[in-house]
Amino acid sequence: MMQFMLLFSRQGKLRLQKWYAAHQDKMKKKITRELVTLVLSRKPKMCSFLEWKDLKIVYKRYASLYFCCAIEPEDNELLTLEVIHRYVELLDKYFGSVCELDIIFNFEKAYFMLDELLLGGEVQETSKKNVLKAIAAQDLLQEEETPQGFFEDHGLG
Amino acid sequence: MFGNLFGKTTTTIATGGSDTSGDAASAGFTTFIGKVSRANSKSDEAHVVATELKNLAANIAAPNQSMVQMRDYLCRVAYICMMGYEVEFACIHAVKLAQLGTNYDKRIGYLACCLLLHRNHDLILLLINTIQKDLKSSNILDNLAAMTAAAQLVPAELIPSLLPMIVAKLQHQRELVRQKAVLCLHQFQFLAPDLLAHCKESLERALLDKDPGVMAVAVQLVAYSIQRNAAGCIHLGDPLVSVLQQIVARKLSDIFNYQTIPFPWLQIQIIKCLSALVPHSEVLKTKVSSIIRVILQRNSIKEKMAFAILYECIQCIVKMAPEKDLLDESAQHVKRFVNSSNPNLQYIGVKMLVSLVALNPAYAVEYQDMIVQSLEHKDTVIHKKMHGVLYGIACEANVKVVCSKLLQQLKISSDRFWKAELATMVVSLVSRFPVEPQWQINSLFNTLWCSSGDLDRTMLKDIKQLIGDRFLSKDCDPQCQQYLLQKCISALVSDKTAIPLLQIALWIVGSLCSFLKNMEDDKVLMLFTNLLLQENMPFSIQSAVITCIHKLVAMGIVEQVSMATKLTECLSHELPLVIKQQLNIIIKMCSLKLKVDPSDTVVMDLTLTFLDDLVCARLEAGAEPYRPSHLRHSLPGQHIILTSQSPAAPSSGLEVEEVDESMIGDRATVDSSSSPKTDTERDSSLIQPDIKRVWGKQGRLDASKEKKSTPKNLTGQKRTSSEQDNLAKALFGGLQKNEKASLKVFTGFEDDDQYDDYLNNFKTDLPGPWSNRLRSSIPENVNVETMSIRNTGIIQESFNVLNQFAMSNESTKTPKENEIDYLQLQGDINLKKDASNENNGEQISEGSLYNDLNNKLAGAEVDFDAQLSQLLEASVTSGDVHCLHRTDGFFKEDPVSKTAVSEIALENDGFLDVESCRIKHSIYTDSD
């Protein structure tokens, strides 16, 4: 099970955080600070896995953003890398060539997307198509009233 | 696709950033982000945030805000929360938005709740209503939002209020809803596994769902049950294998393909489940190994995901402990990983190599060069893992080299966890390959030297045990012991030694102190006194030093006069009172020229055979035998002390002496009466009319009466009921041995005659109350005898035992508290001094005080049985008064028994047998 996921910039600014295991706020800040420094100090040619306390850290850099996940010792690191990749794919598809600013200004969308991909630290939906469908359904709701036949159009009917 | 990813520069942020794709954020949010990103310092940022929060707090609380505005405010709050600022004020509004909003507003409300609240937040209670309402809604998006929030926020105690509704959602017609419901239940399962026991069937039915997406999440749910109880989930093996077969045969919809690989997440999840199930079923094992073979064949190794699957397969193979050919095949694949240029795959490769090598070290042979190279790898993560391989290939021939590599790491590393892991490896190597003793000693010492501050207690205990087994027993090579001692002394001399190492070194020096004879007295003394007087030394070390000095004195290794002068000097320094008192005792011992022959081993008489005759005599005289507490209530008509207030005479067994009602007062009264008082005074001051006197001068009153009458009754009437006989047999059967034999053990007399002479001399020589008691009854000289033994110096051994005991439990109290305890005890000791006019008696009381104190220091709550064995030890070596006082320490949780025990101690001059202590304990625990 994934313990938490952090998105932070090259400057070490946190852009998104999702905690699946319970921690005190103080602890969260401490962990974040520690990991950000640790990950930023890694050189490009080094491997993306770290053993940190009793957890494994899997991180990957996409342009100026670091995606950093903590998983339990028995979890598959390579698979976690692919989860990160899938998430980036989804963001990219949704925002159309995503950038850090998209995530800053529309962070709620980024959270919604993450909630569709992972729930409680477990992978929920691995089909890109299905996730985007679910998000699109929500977005249409944002445009005030749901038009008749909406669910049918989006394959939810 | 990622060519231009995140290409936009951050300058847009600084200018207010209007260029955002999707739905533009509100102007307020944009401005705020702009301000924050322009802030140059942390304090600037804090200022911007503070102003923003002030505005937000005012706006958000204002009436009649539109939902759109609310949404915007909460987004800003959530962002500020992510930046690490306090936003408690907005929580209630997040809950409100989730409740009152519709559709998208609701979604944002839930999101804000998820970000701002946590499972144990008070407001969750308010949110539950909303979640319930939304679960009932016919709008599936509301259902989904509610379940997402429920999975993240609902605490275990509120699960029952939602559970039926979510279980019902498993039958929902939309797969999205079913999927969320399954995952939501999965979360609940983590929090409260037992709550879901009744809906296990419907959960397993989800495994057969027609939608692959739902089925996939159902596998996760099942995986958790398998993890908890693999043996009970064997029936799930076959369905899982068949699902895996379908996936591998590409029978599922290709929307679940990822990089041309069918359903990789599900594949990996199932393989994981199967590898947990395989050890419990042979049939399943063949099925699994065949399907794994298929997967290994079909895997194309063009995609990254393929490596993930391969990795999982090999992990499964290693767990299965399969046929050689499958293992060989996986070794081939591992080679692919290890030789890869991708550092990630390399890492995974090394990791798998570690587990392969654990099964068969031969697999490492072809990587020789690589292993050697990797040890210098610039990526610490990989070279750390490589040390795992090294550890795996260790054998008698190469263990020294491997160990030196590990120790090298240990020296340079600063990571606590890594150091602990390395230390574990070294210690396990040393214990597995007992080659040269000198090397073993060096390895262990280097480990401790580099990492003892980072090791946990069990690890330290293991190391201690290893050293104890290998080098400290009697038949060890003295040369090794000498070497070990040198190592210890160099550790003691250095001022960089960590505390745990110091402690172990002191322990070793204490055990091997006979070798210190070769050293000059001055040097030996300096060694210890320097440690003792070093600033900021923890109490545990100081008391360990004291233990060592005790041993030195007792074994006569250091000339006693110089020892005494040196220690007297120490007294002028600032030391905890307890330590000073210990020093005083040692100095006194020095002046008495006490000495113990090191060859004279102390054998513990744990069964207390020397009491057998005493007990039998009393039983014959009609005394009430000891009954375990569970039997005590079942005997009708027996008088149960302290459980009934009526002074009814016992209907059977013995006569209870009816004494004037007096104390079972509280401890304070005993402590405060440090001035001499006669017994009558004390009695009369504490009259409590309704409480029968139970404890008297001689222990429990009924027992004491018997004790006095024993000599007269020996030939007189025998009141032996069969019941008592049986009980006595049950209690002492097999333990009845010659009292003399057991006594000889401590006194060290060669034959009976010598012993008898000694005893006779003793009786006649003893002045005052001691000799009176001795003459009055033979069995009691057991007590006196053991007391007198302190004069021969054996008592020192008991101090050491006690000291070790106190240290091994590491005091939880500060020295300050210890001192307070000590002062309290001073009260006791004064009383005792009054009670016994002789020098001898005074010493005893001091000694016993120490036992008591040590126990207090230990501060450990150990169960009574463990305590009792300690207690017996003490009683055997040092006389019953020690035992009594230890009991006192142990019972400190229970003020009533404490009072009673200490009262007895005061009145008895320590004449109390272990049996009555035990009885007392039972009585008091019973009455609770």
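Residues numbered from 1 in each chain as written. Chains lettered and ligands numbered in written order. Predicted model: local features only at pLDDT ≥ 70, side-chain atom pairs only at ≥ 80, totals over all residues. Heavy atoms only, no water.

Visitor: Is there a simple way to explain the overall build of chain B in this structure?
Guide: A count of helical and extended segments in chain B gives 47 helices and four strands. Buried positions account for 55% of the 928 residues belonging to chain B. Within chain B, contacts between residues at least 6 apart in sequence are counted, and of these 71% link residues at least 24 apart. Of the roughly 40100 Å² that chain B leaves accessible, carbon and sulfur atoms contribute 52%. (Helix = DSSP H or I, 4+ residues; strand = E, 2+ residues; numbered from the N terminus. Buried < 20%, exposed > 50% of the residue type's maximum accessible area, 1.4 Å probe, protein only. Contact = heavy atoms within 4.5 Å. Areas by Shrake-Rupley, 256 points an atom, 1.4 Å probe, with all protein chains shown as cover.)

Visitor: What should I look at first to understand the nonpolar core in this one?
Guide: As a rule of thumb, soluble globular proteins bury nonpolar side chains together. Counting residues in each nonpolar core, the largest one holds 296 residues, and the members touching the most others are Tyr87(A), Leu185(B), Phe188(B), Leu516(B) and Phe528(B). If one sorts the elements of this core by residue count, helix α16 (residues 304–320) of chain B sits on top with 13 residues. Those residues within four positions of Leu516(B) in sequence are excluded, and the remaining contacts are Leu485(B), Ile489(B), Val509(B), Val524(B), Phe528(B), Leu552(B) and Ile557(B). Grouped together as the second largest cluster of nonpolar side chains are six residues, Leu608(B), Leu614(B), Val615(B) and Leu619(B) included. (Core = buried A, V, L, I, M, F, W, Y, C linked by side-chain atoms within 4.5 Å.)

Visitor: What is the right way to look at the packing of aromatic side chains in this model?
Guide: Two numbers describe a pair of aromatic rings. These are the distance of the centres and the angle of the planes. Evaluated as defined, the whole model comprises 16 aromatic pairs over all chains. Ring centres of Tyr62(A) and Phe67(A) lie 5.6 Å apart, and the angle between their planes is 90°; this geometry places the pair in the edge-to-face category. Given a relative accessible area of 0%, Phe67(A) falls into the buried group. Plain terms: the ring middles of Phe107(A) and Tyr79(B) are 5.7 Å apart, the flat faces sit at 55° to each other, and that makes the pair tilted. Within this pair, whereas Phe107(A) is found in helix α4 (residues 107–117), its partner Tyr79(B) is found in helix α4 (residues 67–83), the two belonging to separate chains. Note on Phe107(A): relative accessible area 2%, which makes it buried. Given a relative accessible area of 4%, Tyr79(B) falls into the buried group. The rings of Phe105(A), Phe107(A), Tyr111(A), Phe29(B) and Tyr79(B) are connected pair by pair, giving a single aromatic cluster. (Phe/Tyr/Trp six-rings, centres within 6.5 Å; stacked < 30°, edge-to-face > 60°.)

Visitor: Could you clarify how one ought to interpret the interface of chain A and chain B in this entry?
Guide: You'll often see interface size given as the accessible area lost when the parts meet. Every contact between the two is made by 76 residues of chain A and, on the other side, 78 residues of chain B. Summed over both partners, the interface of chain A with chain B comes to about 7200 Å²; 61% of that surface belongs to carbon and sulfur atoms. Considering only the side of chain A, the residues that lose the most area to chain B are Leu78(A), Phe105(A) and Leu119(A), jointly responsible for 10% of the buried surface there. On inspection of chain A and its partner chain B, the count reaches four salt bridges. At the junction of chain A with chain B, the criterion picks out 22 residue pairs in polar contact (both at pLDDT 80 or more). Those elements that place two or more of their residues in the side of chain A that touches chain B are β2 (14–19), β3 (49–52), β4 (55–62), α2 (77–95), α3 (100–105), α4, β7 (122–123) and α5 (128–142) of chain A. Among the elements that line the side of chain A that touches chain B, the one with the most residues is α2(A), at twelve residues. Residues belonging to the side of chain A that touches chain B are distributed by class as follows: 33 nonpolar, 15 polar and 28 charged. (Buried area = accessible area lost by both parts, 1.4 Å probe. Salt bridge = Lys/Arg side-chain N within 4 Å of Asp/Glu carboxyl O. Polar contact = N/O pair within 3.5 Å; in protein donor to acceptor, adjacent residues only side chain to side chain. Nonpolar A, V, L, I, M, F, W, Y, C, P; charged D, E, K, R; others polar.)

Visitor: Would you explain a negative patch on the surface in this entry?
Guide: A surface patch of negative charge is lined by Asp25(A), Glu86(B), Glu88(B) and Asp122(B). Mapped onto the secondary structure, Asp122(B) falls in the loop between α6 (103–116) and α7 (124–136). The class of Asp122(B) is exposed, set by a relative accessible area of 67%. (Patch = residues over 30% accessible without salt bridge, like charges linked within 9 Å, V, L, I, M, F, W, Y side chains within 5 Å. Lys, Arg positive; Asp, Glu negative; His and termini not counted. Charge placed at Lys NZ, Arg CZ, Asp CG, Glu CD.)

Visitor: Which parts of the structure should I look at to understand the sheet that holds β3(A)?
Guide: The strands that make up a sheet are held in pairs by hydrogen bonds between backbone atoms, and each pair lies either parallel or antiparallel. Residues and elements named next belong to chain A. Sheet architecture is open: five strands sit in the order β2-β1-β5-β4-β3, paired in antiparallel fashion. Strands at the two margins of the open sheet, each flanked by one partner only, are β2 and β3. On average, each strand axis in the sheet is tilted by 20° relative to the strand beside it, whichever way the strands run. Along the sheet face, α4 touches β1 (2–9) and β2 and points at about 35° away from the line of β2. (Pairing = 2+ DSSP bridges. Axes fitted to C-alpha atoms, helices over the stretch in contact; angles between N-to-C directions.)

Visitor: Got a minute to help me understand the side chain of Gln17(A) in this structure?
Guide: Note on placement: Gln17(A) falls in strand β2. Take Gln17(A): its relative accessible area is 16%, and that puts it in the buried class. Side chain to side chain, Gln17(A) and Trp19(A) meet in a polar contact 2.8 Å long. Dropping the residues within four chain positions of it, Gln17(A) is found in contact with Met5(A), Leu6(A), Tyr111(A), Cys81(B), Met82(B) and Leu115(B).

Visitor: Could you clarify how one ought to interpret the pairing of strand β5 (residues 65–71) of chain A in this entry?
Guide: The two faces of a sheet get side chains in turn, since along a regular strand they alternate between them. Residues and elements named next belong to chain A. Counting buried positions along β5 gives seven out of seven residues, so the element sits mostly inside the fold. The side-chain alternation of β5 yields two buried faces, one formed by Leu 65, Phe 67, Cys 69 and Ile 71 and the other by Tyr 66, Cys 68 and Ala 70. Across seven bridges, β1 lies against β5 in antiparallel orientation. Each bridged residue has a counterpart across the sheet, and for Met 2 the counterpart in β5 is Ile 71. Relative to β5, β4 runs antiparallel, the two being bridged by seven bridges. Its bridge partner being in β5, Ile 57 is matched across the sheet by Ala 70. Hairpin remark: β4 followed by β5, antiparallel, with two residues in the connecting loop; positive phi at Ala 63, about 50°.

Visitor: Hey, could you run me through unusual backbone geometry in this one?
Guide: Outside of glycine, negative phi angles account for most residues, and trans bonds account for most peptide bonds. Residue and element names in this part refer to chain B. In this structure, Asn 64 takes a positive phi of about 60° despite not being glycine. Among the structural elements, Asn 64 can be located in the loop between α3 (42–61) and α4. One non-glycine residue, Gln 259, lies in the positive phi region at around 50°.

Visitor: Would you take a moment to explain the pattern of salt bridges for this structure?
Guide: Oppositely charged side chains can pair when the atoms bearing their charge come close. Following the criterion strictly, the structure yields 22 salt bridges over all chains and no others. Between Lys18(A) and Asp115(A) there is a salt bridge; the shortest N-O distance is 3.2 Å. Within this pair, whereas Lys18(A) is found in strand β2, its partner Asp115(A) is found in helix α4, the two being separated by 97 residues in sequence. Per residue, the accessibility class of Lys18(A) equals that of Asp115(A), and both read buried. The salt bridge involving Asp325(B) is made with Arg293(B); its shortest N-O contact spans 2.7 Å. Of this pair, Asp325(B) sits in helix α17 (residues 324–338) while Arg293(B) sits in helix α15 (residues 282–298), and the two are 32 residues apart along the sequence. On the accessibility criterion, Asp325(B) (42% relative accessible area) is partly exposed. Beyond isolated ion pairs, a larger network of salt bridges with shared partners links Lys56(A), Glu77(A) and Lys351(B).

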